[in-house]
Amino acid sequence: MLKPERMQQVSIIVAKDQLPNLLGYAGSKRLFHLTEIEDDSIPEGAKRYEALELQAKSSTIKSRLTILTTALNVSEATFENLDAPVNNIDALTRFLDEETGKLEHLVRELEAAEGKLQTEKEQASELSRFLSGLENVGVSLDAIAGRGFLTSLVGEAGPETIPTLQKDLDRITQGNLIFAITNTSEETQTFLAIFPADFQDDAKQVTTALGAKLGPPWTGLPSDPKKAKEAIDLKLADLEKESKNLEETRTRIAREQGSRIIALGTLSEILDARTKALSGASTTEATLLLQAWIPEAKSSEIAQEISKASGGLANMFVERKNRNHSTEESAHAKGSEPPTLVKAPGWTQPLQSIVDNFGIPSYSETNPTPFMILTFPLIYGLMFGDIGEGLLFLAFGFFLLYLKRKKVKVFEIGQIFVNGAELVIMLGIGATIFGFVFGDIFGFEARQVLGINPIFSPTAGAFPTNPSVLPSTANLIIYMVFILFFGVAHYLSGLAISAYNKIRNKEYRHALLGPIAWAWFYAAFITAAVLVVQANFKFSVLLKNPLVIASVFIPMALMGYGEGGLHVMEAFIGAGSNTLSYLRIWALNLADFAVKFAFFTSFGIIGAVFGNILVMILEGLIVFVQTLRLHWVEWFGKFYEGTGHPFAPYQEPMSWIVPN
C-alpha cells in the first residue's frame, strides 16, 4: 500500500481465432494494462494491426444503440441471450450493424408517424383558434370567402423561404390571408395558410415555385364557424386518440425489444473494448501480438491461464523485469513506464481517490494514503470535535455505506457522498473522539449533558454566560501552541518521507542536501522562533545562542549548494507561512463552538438546533476543504508529486459470457 505493486511488461502471441478467448480471460481478471507496441518492437515479418476502421464502426454502432436506448426510454429489462458470433470480431461487427439497423427501422417508422401526427395536430389547432375568433365576432365563412368554405394550404419550406412565401400569398389573395407557422425544426418550418378558395390555384403555383412541399389541405368546412370548429375539434380528438395509440406502440416496442437492445449494447461494449485492444497490436497472417503490463507476482499464474484459456494457442513472454524502481525510467515516454497499481483495502478507496485527484503515485515515491488514514480524520476532528455531530456523521456514513453496497443509484451530487461513505465514517470517528476530548456535544458541555469530564477544552472560560465573569483565553492559547507544534510535526513528517524516498532510490546526495538539510533548517528555525517568543520578541536573544544561528544558516548553505537558491527561498518562506497555515485548525475549532454558542444564547434550544444544522452542513464542508488543503499544499509539497499514470486494466462486460 505504501508502494505500488511491482509490474512486469509482457508480450502475448495468440492465434487469431483464439483472440476472443484470450481477451475474455483478460477482461474477467482485470490484470492486463494493454499498451501500444512501439514500431521498433514489432517482430520481423509482422506489421501493425490496422484497427481504425473497426474502431470507427464499433464507435458508430455503440452510439446508434445509445440513441435507440434513449429514444425508447429503455432502462431496465431482462438480458436476452442472443446467438451472436462473439468469437469473431468482423462477424460480430456485421451482426451488430444488421440487428441495430432493424431496430432503427422500427423506430424511424414510429417517429415518422409521430412527426406527421404532430404536424396535423398543430395545423388543426391553428385552424380551430381561427374559427373560434370568427365565432366570437359572429362572422361566417361565407362573409370572408364569398362561398360555403375556405381553403387552406399546408406544407413545409426552408426558414429563409417563409417570409417571401407569406408576402406572395398575401399579394395573390388581396390581403385575405391568415398565415401561421405551426412547427419549426432545424432545417424547415411547417406553415398553414387560410384564404378564400377562389385564389387556390394561383396560391398553389406560387408555393410550388418557391420550393415549398405541400400537404393535404383542410376542405369541406361548413360555412357556420361554430359547426366548422366542431368538425375540427372532432378531428383533433381523433388525432389525440391516434397519438395515444402511437405512445402505446412506443411502449410496446420498448417492452418487446428492450432486452434485445440491452444485449446488443453489451455486445457493442465488448466489440468496442476488443477493437481498442487491437489498436496497439501487431499481426502476421495467423497470429496477433499484444503487449501489456501485469502484476509481477502473478506472472507465472497468468502465463498458465492464458495458455489454458486459448487452448494452448497463446504464449506469454517477459519483455522487461524490475523496471519499477529505476531512477532512469522517469525519462522514458509514458508508454514504457509501468502503470501504477495500488493494492489497498476497499475501505481506503475514498482516501486513495483524494490522493489520485492530486496525482497518481509513481514508483519512485511513497503513497500518502496509509498515513492519511490517521492524519485526515485527526485534523478533521481537531477542527470539528463534537460528540453529537460526530455520531450523526457516523450514522450518515453507515447509511451511505448501505446504499453503496446495495448499489443504489442516487442523484449526481449525492452519488459523490455515497462513493465516499467510508471516508464519512472516518471523519465521524475523528469528530466523535475529539468531541470526548473537548467535552463538547452539540455545543453544550458533555459534563452537564452526559456527566463526562473533558480531557482538555480549548474554549473553557472563553465564553462565560455570566456577564460579571471575565473571559479567559488561557486554554485557547494552550491549544494554539499545541496546534502550531502539531503543524511542525506534520511538516517534518513530510520531509522525513521525502528523505526516505530519495534514500530508497539511492539518491543519497539529494537526500542529504535536500529534505535532510531542509528538516535540519526547519527544526532550527522553529527553535529560534520559540526562543524569540519566550523572550517577548527580543531578537537579541539569538545573539546569546550562536549555535542556533549556525544551525539555521549551515543547512541553508547546504541546500543552496545542492538544490539552488530558489529551493532555499522556498524553504525559508514556507518555514513560516506553512507552519502558520495550521492555525486554521485552531480558528475553525473556535468558530465551530462560537457559532453554536451564539445561536443558543440568542434563540435558545431552537437556535441550538438550527446552529448545529448550519455547522454540520456549512462548516462541515469548510473543515473538509481545509483538511484537504493542509494535506495537498502544506504536506504533499514536501514529498509527493504524483507523476505516475493509472493502471487501466482491460475489461469487458461480464454479463454476456464468463470465460472458461
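Residues numbered from 1 in each chain as written. Predicted model: local features only at pLDDT ≥ 70, side-chain atom pairs only at ≥ 80, totals over all residues. Heavy atoms only, no water.

1. Some points on the nonpolar core
Part 1 of the reasoning: In terms of nonpolar packing, the biggest core is built from 64 residues, with Phe32, Leu267 and Ile306 touching the most fellow members.
Part 2 of the reasoning: Residue contributions to this core peak at 16 residues, all from helix α7 (residues 225-278). (Core = buried A, V, L, I, M, F, W, Y, C linked by side-chain atoms within 4.5 Å. Buried < 20%, exposed > 50% of the residue type's maximum accessible area, 1.4 Å probe, protein only. Helix = DSSP H or I, 4+ residues; strand = E, 2+ residues; numbered from the N terminus.)

2. Points about the pattern of salt bridges
Part 1 of the reasoning: Under the counting rule described, the total for this entry stands at 23 salt bridges.
Part 2 of the reasoning: A salt bridge links Arg48 to Asp39; the shortest N-O distance between them is 2.5 Å.
Part 3 of the reasoning: The exposed category is assigned to Asp39, whose relative accessible area is 60%.
Part 4 of the reasoning: Here Lys62 ties to Asp272 by a salt bridge, and the two come within 3.5 Å at their closest N and O atoms. Pair noted here: Lys62 is in helix α2 (residues 52-71) and Asp272 is in helix α7, with a separation of 210 residues, a long-range link.
Part 5 of the reasoning: When its relative accessible area of 9% is taken as the criterion, Asp272 is described as buried.
Part 6 of the reasoning: Taken together, the shared-partner salt bridges in this structure form one network comprising Asp386, Glu389, Asp440, Asp592 and Lys596. (Salt bridge = Lys/Arg side-chain N within 4 Å of Asp/Glu carboxyl O.)

3. Considerations on unusual backbone geometry
Part 1 of the reasoning: For Lys506, which is not glycine, the phi dihedral falls at a positive 60°.
Part 2 of the reasoning: You can see Lys506 is positioned in the loop between α15 (474-504) and α16 (508-534).
Part 3 of the reasoning: For Phe537, which is not glycine, the phi dihedral falls at a positive 65°.
Part 4 of the reasoning: Looking at where Phe537 falls in the secondary structure, it is placed in the loop between α16 and α17 (546-563).
Part 5 of the reasoning: Of the residues examined, Phe537 reaches a relative accessible area of 58% and is grouped as exposed.

4. As for a nonpolar patch on the surface
Part 1 of the reasoning: Nonpolar side chains collect at one region of the surface, where Phe396, Phe399, Tyr402, Val408, Val410, Phe411, Ile413, Ile416, Phe417 and Leu621 lie side by side and expose about 1000 Å² of accessible area between them.
Part 2 of the reasoning: Contributions of two or more residues to the nonpolar patch are made by α11 (387-405) and α12 (412-419).
Part 3 of the reasoning: Mapped onto the secondary structure, Val408 falls in the loop between α11 and α12.
Part 4 of the reasoning: Since its relative accessible area comes to 32%, Val408 is described here as partly exposed. (Patch = residues over 30% accessible without salt bridge, like charges linked within 9 Å, V, L, I, M, F, W, Y side chains within 5 Å. Areas by Shrake-Rupley, 256 points an atom, 1.4 Å probe, with all protein chains shown as cover.)

5. Remarks on the confidence of the model for the protein
Part 1 of the reasoning: Averaged over every residue, the pLDDT of the protein is 87; residues scoring 70 or more account for 93%.
Part 2 of the reasoning: For the stretch residues 325-335, pLDDT sits under 50, and the model shows 21 contacts to residues farther than four places along the chain or on other chains. (pLDDT = per-residue confidence, 0-100. Contact = heavy atoms within 4.5 Å.)

6. A few points about the packing of helix α5 (residues 162-172) against helix α6 (residues 200-209)
Part 1 of the reasoning: Across the interface, α5 lies against α6 with an axial gap of 10 Å and an inter-helix angle of 160°. Judged by the angle between their axes, α5 and α6 are roughly antiparallel. The chirality of how α5 crosses α6 is right-handed. Taking contact as the criterion, the partners of Leu165, Asp168, Leu169 and Ile172 in α5 are, on α6, Asp202, Ala203, Val206 and Thr207.
Part 2 of the reasoning: Per-class residue counts for the contact of α5 with α6 are 5 nonpolar, 1 polar and 2 charged. (Axes fitted to C-alpha atoms, helices over the stretch in contact; angles between N-to-C directions. Parallel < 35°, antiparallel > 145°, perpendicular 65-115°, else oblique. Left-handed = near helix turned anticlockwise from the far one by under 90°. Nonpolar A, V, L, I, M, F, W, Y, C, P; charged D, E, K, R; others polar.)

7. Comments concerning the packing of aromatic side chains
Part 1 of the reasoning: Overall, the coordinates contain 28 aromatic pairs when judged by the stated rule.
Part 2 of the reasoning: Judged by centre distance (5.9 Å) and plane angle (40°), the ring pair of Trp635 and Phe636 falls under tilted.
Part 3 of the reasoning: The class of Phe636 is buried, set by a relative accessible area of 0%.
Part 4 of the reasoning: Their ring planes at 55° and their centres at 6.3 Å tell us that Phe639 and Tyr640 sit as a pair that is tilted.
Part 5 of the reasoning: Accessibility expressed as a relative area gives 7% for Phe639, which makes it buried.
Part 6 of the reasoning: By relative accessible area, which is 4% here, Tyr640 ends up buried. (Phe/Tyr/Trp six-rings, centres within 6.5 Å; stacked < 30°, edge-to-face > 60°.)

8. Let's talk about the environment of Pro454
Part 1 of the reasoning: Looking at the secondary structure, you find Pro454 in the loop between α14 (446-449) and α15.
Part 2 of the reasoning: Classification of Pro454 by relative accessible area gives partly exposed; the value is 24%.
Part 3 of the reasoning: In this structure, the C-alpha to C-alpha distance between Pro454 and Val437, residues 17 residues apart in sequence, is 5.4 Å.
Part 4 of the reasoning: Setting aside anything within four residues of it in sequence, one finds Pro454 in contact with Phe436, Val437, Phe438, Gly439 and Arg447.

9. Points about the environment of His567
Part 1 of the reasoning: Residue position: His567 is located in helix α18 (residues 565-581).
Part 2 of the reasoning: The class for His567 is buried, based on a relative accessible area of 16%.
Part 3 of the reasoning: In contact with His567, not counting residues within four places along its chain, are Trp518 and Met559.

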